[in-house]
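Topology and contacts: notes
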Amino acid sequence: MRQTFTSPPEMPDNPASPKAPRVRFAPSPTGYLHVGGARTALFNWLFARSVGGHMLLRIEDTDTERNRQELTNTIVDLLEWLGIDIDGEPVFQSDNRERHRQVVNQLLREGRAFLCDADNQRVPGNSLKDGLAVRFQVSSTQDMPATADRHVAFEDVVRGVVSFALSDMEDFVIWRSNGTPTFLLANAVDDTDMGITHAIRGEDLLPSAPKVQLIMDALGSQRPVYAHLPLLVNEKRQKLSKRRDDVSLGNWRDKGYLPQAMANYLATLGWGPPDDIEIRPMEEILELFRLEDVLKSPAFFDTKKLEHFNATHLRMLSAEDFLEQLEPWLERTAWTPEQFRPEVMEALAPLVQEKVRTLADVGRFVDWLMLDDPPRDEASWQKHIVNNPVAGAILSDAIEAFAEVEWVAEAVHQAALEVGERQGLKLGKAQAPIRVALTGRAVGPPLFQSMVLLSRDEVLRRLRLAILDSAPANLSPIS
RNA sequence: GCCCCCAUCGUCUAGUGGCCUAGGACGCUGCCCUUUCAAGGCGGUAACACGGGUUCGAAUCCCGUUGGGGGUGCCA
């Protein structure tokens, strides 16, 4: 009776536990994955992998118009990026159309559903007809006295017992007049056919659960265990939406966030490790995660905290891993491939790694070592050069000192210290105009180590240029 | 409107009847360190929504109120 997909996910059960749990992540193929969906996928995956179960992917393409493979690839890539591996090939809901049709006919024949026209008027007949929709007849629900206070109830892993009165439910559409199944029908049939044991999904789907269960009951299917995850919300505490909120997972990746940081952060939304240690490797989370510990209340997607997670994960990387992660970021920066100096990047990487919050920040820390004439940050330039009365003196003095000094970080450091002392300034103050003159910014990697990499001649050239470019009224160029 | 769900610092959370004058983290903030800071160290700020029960004892259990959210499509 039960039929499988034409290309079913062949998943040999774990011999040690013959009834290994099976979960699925079931996004629409919009070619876009938002952080809420990613969190749902992650929790499915955490559950599956922590109990030796299977993690499947089903693409809910009840409308088959669009290029499904291409759109699906984006989702699969993003999941893979996050570290979520899928068992078997993705399943396309649209491939199961014949099975859906057959089930609807069966429900029609058994009097559990009825045909209806565009005005929602009931039309006689007990098999599918072109141009007519089909509704499930809630009142046909058997095994319960017709007049009693009838409910469909289930035990949700995160919410406990949830119950809906049949009398509150309308006869709902399971088949559209355009010949496609609705989500309700497809969901019930596909979960059955895929042998899904646990349906872990967003709380926004909670009201649809009793309808899906009614269909499954009518088919004699075993209902999966449900777990409705708390929603991810914006600062106004509304469910995250593609339109209002910047929640595209791909965007975060492109902004220089590490997948392990994103996954780690997402795992703390609606769940917390018992030992209070939030930032940690996924292997540890896998060991600690329990579906029944998931919280019920919605969680705000806090980008500040995400940034902190990212900065911390960045610093946890080994030097080699940091450079490796950095690689794609070194190609889309201000400098040309010819200007890029890998040996400089490599030397500076450990210093930069301690400072930045995202991979995208790195370019701004090192670009002045690659570019011939790095851009100047106007605010820094004004503050530390133009409006600094001793800037000219410091720069002039620095030129003389740096021209002589042994070209190693320690000696340059010492020389800068002395330049400052001659102005009665601590190094912290004294280095500011030098930094801005050389790098164009007031913030960057430790100065003297990187200066050495720039070369003495170039340092002197930029210092002279800064003097020339600064207001001639109060600074006179020196030769 | 109706149905369903939720309720600990601004935010994410720990807490499952005594360990709680409520712990951690982000943020904010003070001080320190320092070669800048978007780094680091040490502090500070700040919460059990409200009202009734139950109990020797409640953030924890029950009821109600209020507030918030989700759903209410031939979307998913």
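As a starting point, this report considers the structure included with it. (Residues numbered from 1 in each chain as written. Chains lettered and ligands numbered in written order. Predicted model: local features only at pLDDT ≥ 70, side-chain atom pairs only at ≥ 80, totals over all residues. Heavy atoms only, no water.)

1. Concerning the overall build of chain A
Along chain A, the regular secondary structure elements total 18 helices and 13 strands. Taking 23 Å as the expected radius of gyration for a compact globule of 479 residues, we find that chain A reaches 31 Å, considerably beyond that expectation. By its C-alpha atoms, chain A is 100 × 50 × 40 Å across when sized along the principal axes. Counting the 479 residues in chain A, one finds 51% classified as buried. Sequence separation of at least 24 residues holds for 74% of the intrachain contacts in chain A that already meet a minimum separation of 6. The distance from the centre of the 53 positive side-chain charges to the centre of the 70 negative ones in chain A is 6 Å. (Helix = DSSP H or I, 4+ residues; strand = E, 2+ residues; numbered from the N terminus. Rg over C-alpha atoms; globule rule 2.2 N^0.38 Å. Buried < 20%, exposed > 50% of the residue type's maximum accessible area, 1.4 Å probe, protein only. Contact = heavy atoms within 4.5 Å. Lys, Arg positive; Asp, Glu negative; His and termini not counted. Charge placed at Lys NZ, Arg CZ, Asp CG, Glu CD.)

2. Observations regarding the pattern of salt bridges
With the rule as written, the count across this model stands at 28 salt bridges. Among the salt bridges present, the one from Asp275 reaches Arg280, with a minimum N-O distance of 2.7 Å. The exposure class assigned to Asp275 is partly exposed, which follows from its relative accessible area of 36%. Overlapping salt bridges, with partners in common, bring together Arg24, Arg58, Glu60, Asp190 and Asp191 in one network. (Salt bridge = Lys/Arg side-chain N within 4 Å of Asp/Glu carboxyl O.)

3. A word on the packing of aromatic side chains
The final tally for this structure, using the stated rule, is 9 aromatic pairs. Between the aromatic rings of Trp252 and Tyr257, the centroid separation amounts to 5.1 Å while the plane-to-plane angle is 85 degrees, which identifies the pairing as edge-to-face. The burial state of Trp252 is the same as that of Tyr257; both residues are buried. Between Trp335 and Phe340, the ring centres sit 5.8 Å apart and the planes meet at 15 degrees, which makes this aromatic pair stacked. On the accessibility criterion, Trp335 (5% relative accessible area) is buried. Taking the relative accessible area as the measure of exposure, Phe340 reaches 22% and is therefore partly exposed. (Phe/Tyr/Trp six-rings, centres within 6.5 Å; stacked < 30°, edge-to-face > 60°.)

4. With respect to the pairing of strand E8 (residues 160-165)
Here strand E7 (residues 151-156) runs beside E8; their pairing, made up of 6 bridges, is antiparallel. Note that in E8 the partner of Phe154 across the bridge is Val162. Hairpin connection from E7 to E8: 3 residues lie between these consecutive antiparallel strands. (Pairing = 2+ DSSP bridges.)

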